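Breakdown of the fold
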Amino acid sequence: MRTFRLVIACPDRVGIVAKVSNFLALYNGWITEASHHSDPQSGWFFMRHEIRAETLPFGIEALREAFAPIAAEFSMIWRITDSAQKKRVVLMASRESHCLADLLHRWHSDELDCDIPCVISNHNDLRSMVEWHGIPFFHVPVDPQDKQPAFAEVSRLVAEHSADVVVLARYMQILPPQLCQDYAERVINIHHSFLPSFVGAKPYHQAALRGVKLIGATCHYVTEELDAGPIIEQDVVRVSHADTIEDMVRFGRDVEKMVLARGLRYHLEDRVQVHGNKTVVFD
């Protein structure tokens with residue numbers, strides 16, 4: 001079913017829901033999903049509505065035009081998207097395959113409603129897997145002594161393929177500040193939730209030596225500050241003294257790919273709103 005997604009953030013006050021609901025009712029808009037959140041700390045209100053497209057007497061551009069006066073009245077940050085317009089997702093990876101393979105499988109099985117125009121990697125290891133799915137693979141090696149040319153090529157490829165969102169599926173390079181700025185709130189990354197407790201190499205080895213009881217992963221938007229962007233999704237699994245380091249690595253990979261897939265799905269469905277360094281996620 002084709003829907004229009006109306007996503008709103010604005011200073012909180014009386015009458016927002018009534019105004020939006022009356023507006024949609026005026027045009028016979030059939031609301032199939034409605035989510036609201038009032039944040040008392042910031043004083044902001046967040047809303048997401050899905051409306052059956054065929055119930056409205058006009059298309060998305062006319063809907064935007066008709067809604068604009070209400071948005072201005074309430075000082076809204078807002079957008080309306082069309083579920084029929086698939087977002088274009090550029091995937092980036094290095095050598096580890098678990099996150100990339102999981103996303104490709106979900107896309108291949110129609111579990112992720114998006115287009116994947118290409119995959120970019122700084123290694124060639126995963127080329128055959130990507131090309132089996134019929135997706136172009138671009139090998140962009142990164143010279144540790146001079147990374148600028150590689151990231152210039154990455155930026156060119158991302159722009160050339162009209163990416164709506166970039167997903168770092170275990171891409172083991174730090175993106176330059178300019179790329180983070182150009183695609184603010186449109187680059188999604190995954191990291192293990194040991195950070196910052198276990199930094200550096202072999203975090204699962206460090207965790208095993210400390211006898212941790214929980215391991216997990218965090219999906220977040222990329223900012224210039226490493227692994228400190230707004231969090232979209234997190235999850236954990238329990239471990240015990242009987243689990244080996246290999247077990248922990250396996251559990252960690254499982255939770256990483258699950259959290260990344262959920263975070264991407266929330267983004268694709270316009271369920272994530274960023275306010276400062278915090279998110280509201282209508283799951």
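Conventions and cut-offs
- Residues numbered from 1 in each chain as written.
- Predicted model: local features only at pLDDT ≥ 70, side-chain atom pairs only at ≥ 80, totals over all residues.
- Heavy atoms only, no water.
- Axes fitted to C-alpha atoms, helices over the stretch in contact; angles between N-to-C directions.
- Helix = DSSP H or I, 4+ residues; strand = E, 2+ residues; numbered from the N terminus.
- Parallel < 35°, antiparallel > 145°, perpendicular 65-115°, else oblique.
- Left-handed = near helix turned anticlockwise from the far one by under 90°.
- Contact = heavy atoms within 4.5 Å.
- Nonpolar A, V, L, I, M, F, W, Y, C, P; charged D, E, K, R; others polar.
- 1 Å grid on protein atoms, 1.4 Å probe; cavity = no way out; pocket = protein on both sides within 12 Å on 5 of 7 lines; lining within 4 Å.
- Points joined across faces, edges and corners; volume = space filled by probe spheres on them.
- Buried < 20%, exposed > 50% of the residue type's maximum accessible area, 1.4 Å probe, protein only.
- Pairing = 2+ DSSP bridges.
- UniProt positions renumbered as here; feature names shortened; annotations may be inferred.
- Core = buried A, V, L, I, M, F, W, Y, C linked by side-chain atoms within 4.5 Å.
- Phe/Tyr/Trp six-rings, centres within 6.5 Å; stacked < 30°, edge-to-face > 60°.
- Lys NZ or Arg CZ within 6 Å of the ring centre and 35° of its normal.

**Some remarks on the packing of helix 7 (residues 203–210) against helix 8 (residues 245–268)**
Contact geometry of helix 7 with helix 8 gives a least axis separation of 9 Å together with a crossing angle of 120°. Viewed along their axes, helix 7 and helix 8 adopt a mutual orientation that is oblique. Crossing angle aside, the handedness with which helix 7 passes helix 8 is right-handed. Every residue of helix 8 that contacts helix 7 at Tyr204, His205 and Ala208 is listed here: Ile245, Met248, Val249, Gly252 and Glu256. Residue classes in the contact of helix 7 with helix 8 are distributed as five nonpolar, two polar and one charged.

**Let's talk about the layout of surface pockets**
Remark: the empty space left among the atoms is shown by a probe the size of a water molecule rolled over them. Estimated volume of the largest pocket: approximately 720 Å³. If you trace the largest pocket, you find 35 residues lining it, with Arg170, Met172, His191, His192 and Asp227 closest to the centre. When residues of the lining of the largest pocket are traced back to their parent elements, those giving at least two are strand 10 (187–192), helix 7, strand 11 (214–221) and helix 8. Here the lining of the largest pocket is composed, by residue class, of 17 nonpolar, ten polar and eight charged. Considering only enclosed or pocket space, the second largest pocket measures out at about 480 Å³ in volume. Along the walls of the second largest pocket sit 23 residues, with Arg79, Glu185, His267, Asp270 and Val272 positioned nearest its centre. Residue assignment for the lining of the second largest pocket shows that the elements contributing at least two residues are strand 1 (3–11), strand 3 (44–52), strand 4 (77–82), strand 5 (87–93) and strand 13 (272–275). Element by element, the count of residues in the lining of the second largest pocket is highest for strand 13, at four residues. Along the lines of polarity and charge, the residues of the lining of the second largest pocket split into eleven nonpolar, four polar and eight charged.

**Comments concerning empty space enclosed by the protein**
Using the criterion set out here, one finds one cavity of 30 Å³ or more in the structure. Within this model, the largest cavity holds a volume of roughly 60 Å³. The wall of the largest cavity is formed by Arg5, Asp82, Ser83, Gln85, Lys86, Lys87, Asp113, Leu268 and Glu269. Of the residues assigned to the lining of the largest cavity, the class counts are one nonpolar, two polar and six charged.

**Details of the pairing of strand 3**
In terms of burial, strand 3 is largely enclosed, as eight of its nine residues are buried. Pairing analysis gives nine bridges linking strand 1 to strand 3, with the strands arranged antiparallel. In the strand pairing of strand 3, proline 11 is matched with tryptophan 44. Between strand 2 (residues 31–39) and strand 3, which pair antiparallel in sequence order, lie four residues; one of them, glycine 43, sits at a positive phi of approximately 75°.

**As for the UniProt feature "domain: ACT" (unreviewed entry) in the protein**
The sites that carry the UniProt feature "domain: ACT" (unreviewed entry) are, in the present numbering, residues 5–85. As annotated, residues 5–85 has a helix share of 31% and a strand share of 38%, and its two end C-alpha atoms lie 11 Å apart.

**Considering the sheet that holds strand 1**
Judged by pairing direction, the sheet is antiparallel, and its four strands sit side by side in the order 2-3-1-4 without closing on themselves. Edge strands, defined here as strands with exactly one partner in the open sheet, are strand 2 and strand 4. Between one strand axis and the next, the sheet turns by 5° as a mean value, whatever way the strands run. Both strand 1 and strand 4 contribute to a ladder of six bridges, which runs antiparallel. Its bridge partner being in strand 4, alanine 9 is matched across the sheet by isoleucine 77.

**What about the nonpolar core?**
Counting 32 residues, the largest nonpolar core has Leu91, Leu100, Leu103, Ile188, Leu260 and Leu264 as its most contacted members. Of all elements in the fold, only strand 5, helix 3 (98–108), strand 9 (165–168), strand 10, strand 11 and helix 8 reach the threshold of two or more residues within this core. Element by element, the count of residues in this core is highest for helix 8, at seven residues.

**Observations concerning the packing of aromatic side chains**
Any aromatic ring pair is given by two values, namely how distant the centres are and how the planes are angled relative to each other. Overall, the coordinates contain four aromatic pairs when judged by the stated rule. Ring geometry for phenylalanine 23 and phenylalanine 67: centres 5.4 Å apart, planes at 65°, overall edge-to-face. Within this pair, whereas phenylalanine 23 is found in helix 1 (residues 16–26), its partner phenylalanine 67 is found in helix 2 (residues 60–73), the two being separated by 44 residues in sequence. Each of the two residues, phenylalanine 23 as well as phenylalanine 67, counts as buried. Following the ring pairs from residue to residue traces out a cluster consisting of Phe23, Tyr27, Phe58, Phe67 and Trp78. It is arginine 52 that lies over the ring of tryptophan 30; its NZ or CZ is 4.1 Å from the centre.

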